[in-house]
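# Observations on chain architecture
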Amino acid sequence: MTKLYGTVIGVNDITLTLGPGAHGLLGPNGAGKTTFLNLITGQLKPTLGSIRMFGGDPWNNGGMLRRIGISPGDEALYSNVSGLEWVRFLVELQGFKRQDAERRAVWALEQLDMSAAMQRPIGSYSRGMRQRTKLAQAIAHEPELLILDEPFNGLDPVGRHVVTELLREWTRRGKSLLLASHILHEVEEISPSFLLVCDGRLLASGTAAEVNVLLADVPNRVEIRCNRPREMARRLLDEEAVDAIEFLAGNRLVVATRQPLTVYRHLPRWAGEEGVEIHELHSADESLQNLFDSLMRVHRGG
């Protein structure tokens with residue numbers, strides 16, 4: 001599918017199939033994650049291509065939407081009603097009677113540690129409390145699939161722990177999850193499967209191990225802190241896998257290589273041969289943004 005906003009590309013020729021389970025949708029801000037989620041939940045129509053959710057077209061499909069719980073990235077909460085009233089009303093819109101909707105709303109808010117605040121007006125909530133209330137309405141009708149857009153935004157450490165444990169338990173119960181985030185470790189704690197998107201394109205998909213293998217021999221910069229940096233540098237410059245070395249303060253050096261997997265594999269032996277003790281080793285491409293930069297270089301043939 002492709003989605004165009006005039007001359008701007010929101011999603012660019014993405015083709016994929018997702019099975020049951022937990023999946024992380026990763027990408028920097030502006031990568032196209034929200035457009036992708038709006039397309040698969042029927043809030044947008046693709047410009048080109050088609051979408052099937054549970055075997056049907058999600059556009060204007062209320063029956064299918066009842067099988068999904070959605071927590072959007074933006075906020076559309078009413079400040080003058082309580083969290084309980086707001087969640088209960090949205091559950092009623094799913095077709096539940098008032099009493100059943102109330103019970104489900106209370107249960108969902110309790111799961112998000114909102115018991116003490118559920119009777120208060122939403123206007124008195126902190127940003128983290130509003131976020132947890134949004135998540136409560138997504139799980140209250142116990143859908144088959146949760147679709148969450150940046151669910152950790154605004155949460156304090158306690159709130160992050162509550163949400164992480166909730167989502168882990170959700171997947172342990174055999175329910176499915178699609179979690180969009182621009183922060184890698186948020187997704188790593190919950191989902192073993194990743195979709196990596198940037199500039200509206202799907203760059204890679206698979207488990208963390210599969211993605212790491214994909215990136216193993218992408219040009220990289222490796223920072224080393226050791227007790228004898230000059231001896232280490234001399235040894236490394238003898239290797240074809242090393243292109244250049246830069247010295248930094250604090251007994252550190254940065255190794256530029258087009259074959260990082262070779263460097264990682266042989267570095268312990270090279271250091272041992274020179275009597276060098278390595279104290280720290282960092283990849284310059286450990287951040288999510290740099291991960292996408294590396295994938296884009298591969299995509300563009302760089």
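Every value quoted in this text rests on a predicted model; they were computed, and no experiment measured them. (Residues numbered from 1 in each chain as written. Predicted model: local features only at pLDDT ≥ 70, side-chain atom pairs only at ≥ 80, totals over all residues. Heavy atoms only, no water.)

## Considering the overall build of the chain
Test applied: Here a helix means four or more residues in a row that DSSP labels H or I, a strand means two or more in a row labelled E, and each is numbered from the N terminus. Exposure is judged per residue with a 1.4 Å probe applied to protein chains only, and the accessible area is read against the type maximum: over 50% gives exposed, under 20% gives buried, and values in between give partly exposed. Contacts were defined at the residue level, with two residues in contact if any of their heavy atoms lie within 4.5 Å. Where accessible areas are quoted, they stem from the Shrake-Rupley method and a 1.4 Å probe; at the residue level, only the protein chains shown are allowed to cover. For the charge count, each Lys or Arg is scored as positive and each Asp or Glu as negative, with His and the chain ends excluded. By convention, the point assigned to a charge is CZ for Arg, NZ for Lys, CD for Glu and CG for Asp.
On a plain count of helices and strands, the chain comes out with eleven helices and twelve strands. Based on the C-alpha atoms only, the size of the chain along its principal axes is roughly 75 × 45 × 35 Å. Relative to its full complement of 302 residues, the chain shows a buried share of 45%. The long-range fraction of contacts in the chain, counting pairs at least 24 apart against all pairs at least 6 apart in sequence, stands at 67%. Within the structure as shown, the chain displays about 15300 Å² of accessible surface, and the carbon and sulfur contribution to it stands at 49%. The centroid of the 34 positive side-chain charges in the chain is displaced by 5 Å from the centroid of its 37 negative side-chain charges.

## Some details on the pattern of salt bridges
Note the cut-off: One speaks of a salt bridge when a side-chain nitrogen belonging to Lys or Arg is within 4 Å of a carboxyl oxygen belonging to Asp or Glu.
By the definition in use, this model includes 20 salt bridges. Between Asp100 and Arg103 there is a salt bridge, with the nearest N and O atoms lying 2.4 Å from each other. Here the residue Asp100 and the residue Arg103 both occupy positions in helix α4 (residues 98-111), the gap between them amounting to three residues, near one helical turn. Here Glu246 ties to Arg221 by a salt bridge, and the two come within 3.4 Å at their closest N and O atoms. Linking Glu246 in strand β10 (residues 242-248) with Arg221 in strand β9 (residues 220-226), this pair joins segments that are 25 residues apart in sequence. Through salt bridges with shared partners, a single network forms among Arg88, Glu92, Arg98 and Glu102.

## Structural notes on the nonpolar core
Selection criterion: Nonpolar core, defined: a set of buried Ala, Val, Leu, Ile, Met, Phe, Trp, Tyr and Cys residues in which side-chain atoms within 4.5 Å join the residues together.
Core analysis: the biggest nonpolar cluster contains 39 residues, and Val87, Leu112, Leu146, Leu167 and Leu177 have the highest contact counts within it. For this core, the secondary structure elements donating two or more residues are β3 (22-26), α3 (83-93), α4, α5 (127-139), β5 (145-149), α6 (157-172), β6 (176-181) and β7 (193-198). Ignoring sequence-local partners within four residues, the contact set of Leu167 consists of Leu146, Leu148, Phe152, Leu177, Leu179 and Ile190. Among the nonpolar cores identified, the runner-up in size contains 19 residues, and Ile14, Ile51, Met53 and Leu195 belong to it.

## Topic: the pairing of β9
Regular strands show a simple pattern: their side chains alternate between the two faces of the sheet. Using the following cut-off: When DSSP finds at least two bridges between two strands, those strands are taken to pair.
Alternating residues of β9 divide into Asn220, Val222, Ile224 and Cys226, all buried, and Arg221, Glu223 and Arg225, none buried. As paired strands, β9 and strand β11 (residues 252-257) are joined by six bridges and run antiparallel to one another. When the bridges of β11 are listed, Arg225 appears paired with Arg252. Note that β9 and strand β12 (residues 278-283) share five bridges and pair antiparallel. Paired with Arg225 across the strands is Glu280, a residue of β12.

## Some details on the environment of Arg265
As for its placement among the helices and strands, Arg265 is situated in helix α10 (residues 260-274). Given a relative accessible area of 52%, Arg265 falls into the exposed group. The spatial distance from the C-alpha of Arg265 to the C-alpha of Glu240 is 14 Å, given a sequence separation of 25 residues.

## As for the environment of Glu102
One can find Glu102 in helix α4. Spatially, the C-alpha atom of Glu102 lies 33 Å from that of Leu18, the residues being 84 residues apart in sequence. When sequence neighbours within four positions are dropped, the list of residues in contact with Glu102 reads Leu84 and Arg88.

## Considering the packing of α4 against α5
A packed helix pair is summarised by two numbers, namely the angle formed by the two axes and the spacing between the axes. Which entries qualify depends on this criterion: Axes here refer to lines fitted to C-alpha atoms; in helices the fit is confined to the stretch in contact. Angles between the N-to-C directions go from 0 to 180 degrees. The labels follow the angle: roughly parallel below 35 degrees, roughly antiparallel above 145, roughly perpendicular from 65 to 115, and oblique for the rest. Rotating anticlockwise by less than a right angle from the far helix to the near helix defines a left-handed crossing, while the corresponding clockwise rotation defines a right-handed one. Classification convention: Asp, Glu, Lys, Arg as charged; Ala, Val, Leu, Ile, Met, Phe, Trp, Tyr, Cys, Pro as nonpolar; all other residues, Gly among them, as polar.
At a closest axis distance of 8 Å, the pairing of α4 and α5 adopts a crossing angle of 130 degrees. Here α5 runs oblique to α4, going by the angle between their axes. For α4 against α5, the interelement crossing comes out right-handed. Each of Trp107, Ala108, Leu109 and Gln111 in α4 lies in contact with α5, whose residues at this interface are Thr133, Ala136 and Ile139. Its residues placed into classes, the contact of α4 with α5 shows five nonpolar, two polar and no charged.

## So, α4
Using the following cut-off: The length a helix should cover is 1.5 Å for every residue beyond the first.
Between the first and last C-alpha of α4 there are 20 Å, a value that for 14 residues agrees with the 20 Å anticipated at 1.5 Å per step. Contact partners of the buried residues in α4: α3 and α5. Of the residues one or two after α4, Asp113 is the one with positive phi, at around 60 degrees.

## Side note on the packing of aromatic side chains
Rules: Any Phe, Tyr or Trp ring, taking Trp's six-membered ring, that has another such ring centre within 6.5 Å forms a pair; planes under 30 degrees apart are called stacked, those over 60 apart edge-to-face, and the others tilted. Only when the NZ of Lys or the CZ of Arg is both within 6 Å of the ring centre and within 35 degrees of the ring normal is a charge said to sit over the ring.
Scanning all chains against the criterion turns up zero aromatic pairs. The ring of Tyr5 has Lys3 sitting right over it, with the charged end atom 5.7 Å from the ring centre. Positioned over the ring face of Phe54 is Arg67, at 4.0 Å from the centre of the ring.

## Things to note about the sheet that holds β9
Across the sheet, four strands lie side by side as β10-β11-β9-β12; this open sheet has antiparallel pairing. Of all strands in the sheet, those bounded by a partner on one side alone are β10 and β12. Taking the axes of each pair of neighbouring strands and ignoring which way they run, one obtains an average angle of 20 degrees across the sheet. Taken together, the six bridges between β10 and β11 define a ladder with antiparallel strand orientation. Bridging from a neighbouring strand, Phe247 pairs with Leu253 of β11. Packed on one face of the sheet, helix α9 (residues 229-237) meets β9, β10 and β11 and runs near 170 degrees to β10.

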